[in-house]
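What follows is each chain in one-letter form.
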Amino acid sequence: MTATPDLGARAPQLASPDLLRSVFRRHAAGVAVITAGGETGPVGFTATSLSSVSAEPPLLSFGISTGASSWPAISATEHIGVHILGEHQQELAATFARSGADRFGAPTVWREGPEGVPVLDDVLAWMVCRVHARVPAGDHRVVLAEVVLGDPAGPGRPLLYHQGRFSGLRD
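On a predicted model such as this, the values are computed, not experimentally measured, just so you know. Counting starts from 1 at the beginning of each chain's written sequence and moves along it residue by residue. Where local features are concerned, this predicted model is filtered to residues with pLDDT of at least 70; where side-chain atom pairs are given and counted, the filter is 80 or more; whole-chain, interface and lining totals use all residues. Values reported for side chains reflect all heavy atoms of the structure, with hydrogen atoms and water molecules removed beforehand.

Q: Got a sec to walk through helix 3 (residues 90-97)? Specific residues and values, please.
A: One turn of the α-helix equals 3.6 residues, which is why residues spaced by three or four share an orientation. A 1.4 Å probe rolled over the protein chains alone gives each residue an accessible area, and that area as a share of the maximum for its type sets the label: buried under 20%, exposed over 50%, partly exposed in between. Runs of E in the DSSP output that reach at least two residues are strands. Runs of H or I that reach at least four are helices, and both are numbered from the N terminus. Every buried residue of helix 3 is accounted for by Leu92, Ala93, Ala94, Thr95 and Phe96. Where helix 3 is buried, its residues contact strand 2 (32-38), strand 3 (41-47), strand 8 (118-120), strand 11 (159-162) and strand 12 (165-168). In this analysis, two residues are considered to be in contact whenever any of their non-hydrogen atoms come within 4.5 Å of each other.

In structure tokens form, the structure reads like this:
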């Protein structure tokens, strides 16, 4: 006899984009900004899909929509920047998440880093990575990238994204 899970009074929903978004709003995620040099200047976007993939070699992954304004540059570049944001950077995260925003204008502070990658100042940590692969995944691409160099020693505590808002850790 197979045990039937108790689903309570709520009926499960069929798979849909809304179901996926609703479930992942309940999943707290760290917040990163991905940057790259583009043909018309630097590009970047806020990502909560950043994951460590392998220690040897040091690989990470993130997802990006093929409809995103940053996708053309990410699709063509050899190197990207990955920035782990601190809880003091909610406005920076919102700026890089907002469509049509001047992401690299004031008050964003950045410099051109190794391999021409835009590097943001005052982040918890940053890495420059060589793009290893771009894997089709529905309306997104999963980008696999190998870490080339970075700095893990910025001050502060991590910024989180949960229930559609940016927030910090609670003790």
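Q: So what's going on with the sheet that holds strand 1 (residues 29-30)? Residues and values would help.
A: Here we have three strands laid out as an open sheet, ordered 1-11-12, and antiparallel in their pairing. Each having just a single partner strand, strand 1 and strand 12 make up the two edges of the open sheet. Bridge count for strand 11 against strand 12 is four bridges, and the pairing is antiparallel. Residue pairing in the sheet places Leu160 in a bridge with Ser167 of strand 12. With axes taken as lines fitted to C-alpha atoms, and helix axes fitted only over the stretch in contact, angles between N-to-C directions fall between 0 and 180 degrees. Seen against the sheet, helix 3 touches strand 11 and strand 12 and runs at an angle of roughly 155° to strand 12. A strand pair is defined by DSSP finding two or more bridges across the two strands.

Q: Can you explain unusual backbone geometry? Please cite residues and give values.
A: For the bond running from Glu56 to Pro57, omega is 0°, close enough to zero to count as cis. Structurally, Pro57 can be placed in the loop between strand 4 (51-54) and strand 5 (59-65). In this model, Glu115 sits at a positive phi of 60°, which is unusual for a non-glycine residue. Note on Glu115: relative accessible area 55%, which makes it exposed.

Q: Outline the sheet that holds strand 4, listing residues and values.
A: Taking strand neighbours across the sheet as the criterion, the seven strands line up as 3-2-6-9-10-5-4 in an open arrangement whose pairing is antiparallel. Of all the strands in the sheet, the pair left with one neighbour each is strand 3 and strand 4. Between one strand and the next, the sheet's axes are offset by a mean angle of 35°, whatever the strand orientation. Examined bridge by bridge, strand 4 and strand 5 share three bridges and lie antiparallel to one another. Residue pairing across strands places Ser51 opposite Ser61, the latter belonging to strand 5. Together, strand 2 and strand 3 form the strand contacts of helix 3, whose direction differs from that of strand 3 by roughly 110°.

So yeah, pure geometry; function would need other evidence.
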